[in-house]
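Each chain is listed here by its residues.
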Amino acid sequence: MFEHRPVRAERRPTDEQDSLTANRADWDRYADEYQSTHGEFLGDDGFLWGPEGAREDDLGALGDTAGLDVLELGCGAGQCSRWVLARGGRPVGLDVSIRQLQHSRRIDLEHGTSVPTVCAGAAAIPFADDSFDIVFSAFGALQFVADATALIAEIARVTRPGGRLAFSVTHPTRWMFPDDPSEGGLIASQSYWDRTPYVEVDDETNETSYVEHHRTLGDWVRALSASGYRLIDLIEPEWPADHDRVWGGWSRTRGLLTPGTALFVADLQSVADLD
């Protein structure tokens, strides 16, 4: 049995440290349940971009990773990084949750693989400038960081000129609707332009237990442009007609009518590109 503590949902401003502290504790609590519930669907070395089931094998958002240094933000148990490793890349996984990284180590021991990991938040990446050819995040980190513009600038700092960034997040239009997999989740109830963070508060301790930040599609495009990225693609995976998996607020009922995932693909321009 997994323990579910009572929480109340709020929409209110919150800062970077509060977001990091709350989400680190939340993922440490939730990691065992997450891997038990979704681990088989993800695959120990699979690369899933979102609940629709879109996989990197089919989308090719990263391009060829062989021989390249690759950083995964919000790596969880390292499933995507292990996919990179199997294709000749040199992945490093970063996650705020020690418990998620313990699951990554467990899977490595089971399969005889080795994905280096570091426990840290994406807002302050503990690597030197120009360390990676590719940075990616599959629903892992970007929507949990308070300052999107500073976050993209930090990612650009550790990325080599010409390098790629690919990340998937909850599709911004989903913020208009309740997080409900039934038909109730198809009724718009709040403004798309309301960027007030979604916060969960523990009813027993009155402490913040979860934070997620909303940006519009335009917000993400502007943040990428401000750090010198050129948007290559914006992928909105369609829900497969025969896909019946319910994952939180994602479901066939909603997915056949409205997008649930936005996948941004962008390249960091070199000085020569900017001249």
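Right, let's walk through the structure included here. (Residues numbered from 1 in each chain as written. Predicted model: local features only at pLDDT ≥ 70, side-chain atom pairs only at ≥ 80, totals over all residues. Heavy atoms only, no water.)

Here Asp108 lies in helix 4 (residues 98-111). Judged by its relative accessible area of 3%, Asp108 falls in the buried class. (Helix = DSSP H or I, 4+ residues; strand = E, 2+ residues; numbered from the N terminus. Buried < 20%, exposed > 50% of the residue type's maximum accessible area, 1.4 Å probe, protein only.)

Once that is clear, we can look at the pattern of salt bridges. A side chain of one charge can pair with a side chain of the opposite charge when the charged atoms of the two come close. Tallied over the full model, the rule gives 18 salt bridges. Taking the shortest distance from any N to any O, the salt bridge between Asp267 and Arg164 comes out at 2.7 Å. On the criterion of sequence distance, the pair formed by Asp267 in strand 10 (residues 261-268) and Arg164 in strand 6 (residues 159-170) is long-range, its members being 103 residues apart. Note that Asp219 and Arg195 form a salt bridge whose closest N and O atoms lie 2.6 Å from each other. Of this pair, Asp219 sits in helix 6 (residues 217-226) while Arg195 sits in the loop between strand 6 and strand 7 (198-202); the two residues are 24 residues apart in sequence, bridging distant segments of the chain. Of the residues examined, Arg195 reaches a relative accessible area of 37% and is grouped as partly exposed. One connected set of salt bridges, linked through shared partners, spans Arg8, Glu10, Arg12 and Asp203. (Salt bridge = Lys/Arg side-chain N within 4 Å of Asp/Glu carboxyl O.)

Turning our attention to the sheet that holds strand 2 (residues 69-73). Taken in spatial order, the 7 strands of this open sheet run 4-3-2-5-6-10-9, and their pairing is mixed. Only two strands of the sheet have a single neighbouring strand rather than two, namely strand 4 (117-119) and strand 9 (229-235). Geometrically, the sheet is characterised by an average inter-axis angle of 15 degrees between neighbouring strands, direction not taken into account. As paired elements, strand 2 and strand 3 (residues 90-95) share 5 bridges and run parallel to each other. By the bridge assignment, Leu73 is partnered in strand 3 with Leu94. Along the sheet, helix 4 contacts strand 3 and strand 4; its crossing angle with strand 4, the most-contacted strand, is approximately 165 degrees. Its contacts with the sheet place helix 6 against strand 6, strand 9 and strand 10, and it is angled at close to 150 degrees to strand 9. (Pairing = 2+ DSSP bridges. Axes fitted to C-alpha atoms, helices over the stretch in contact; angles between N-to-C directions. Contact = heavy atoms within 4.5 Å.)

We now examine the sheet that holds strand 7. Within the open sheet, the 3 strands sit side by side as 1-7-8. Their pairing is antiparallel. One side of each edge strand has no neighbouring strand; the edge strands of this open sheet are strand 1 (7-11) and strand 8 (208-212). Mean inter-strand twist for the sheet, computed between neighbouring axes without regard to direction, equals 20 degrees. The pairing of strand 7 with strand 8 spans 4 bridges and is antiparallel. Paired with Val199 across the two strands is Val211, which belongs to strand 8.

It is worth spelling out the nonpolar core at this point. Ranked by internal contacts, the top residues of the largest apolar core, which has 29 residues, are Leu71, Leu73, Leu142, Ile152, Ile155 and Tyr229. Only strand 2, strand 3, strand 5 (132-138), helix 5 (148-157), strand 6, helix 6 and strand 10 provide two or more residues apiece to this core. When residues in this core are grouped by element, the largest group, 5 residues, is from helix 5. With residues up to four places along the chain from it excluded, the contact list for Leu71 reads Val92, Leu94, Ile125, Phe127, Phe132, Ile134, Val135, Phe136 and Val158. (Core = buried A, V, L, I, M, F, W, Y, C linked by side-chain atoms within 4.5 Å.)

What follows concerns unusual backbone geometry. In this structure, Phe139 takes a positive phi of about 60 degrees despite not being glycine. Its location among the elements puts Phe139 in the loop between strand 5 and helix 5. The residue Asn206 is not glycine, and still its phi comes out positive at about 65 degrees. Relative to the helices and strands, Asn206 is located in the loop between strand 7 and strand 8. Relative accessible area serves as the criterion here: at 52%, Asn206 is assigned to the exposed category.

This brings us to empty space enclosed by the protein. Overall, the coordinates contain 1 cavity of 30 Å³ or more when judged by the stated rule. Quantified by volume, the largest cavity comes out at close to 50 Å³. Along its surface, the largest cavity is lined by Gln143, Val169, Thr170, Pro172, Trp175, His213, His214, Arg215 and Trp220. In the lining of the largest cavity, the residues fall into 4 nonpolar, 4 polar and 1 charged. (1 Å grid on protein atoms, 1.4 Å probe; cavity = no way out; pocket = protein on both sides within 12 Å on 5 of 7 lines; lining within 4 Å. Points joined across faces, edges and corners; volume = space filled by probe spheres on them. Nonpolar A, V, L, I, M, F, W, Y, C, P; charged D, E, K, R; others polar.)

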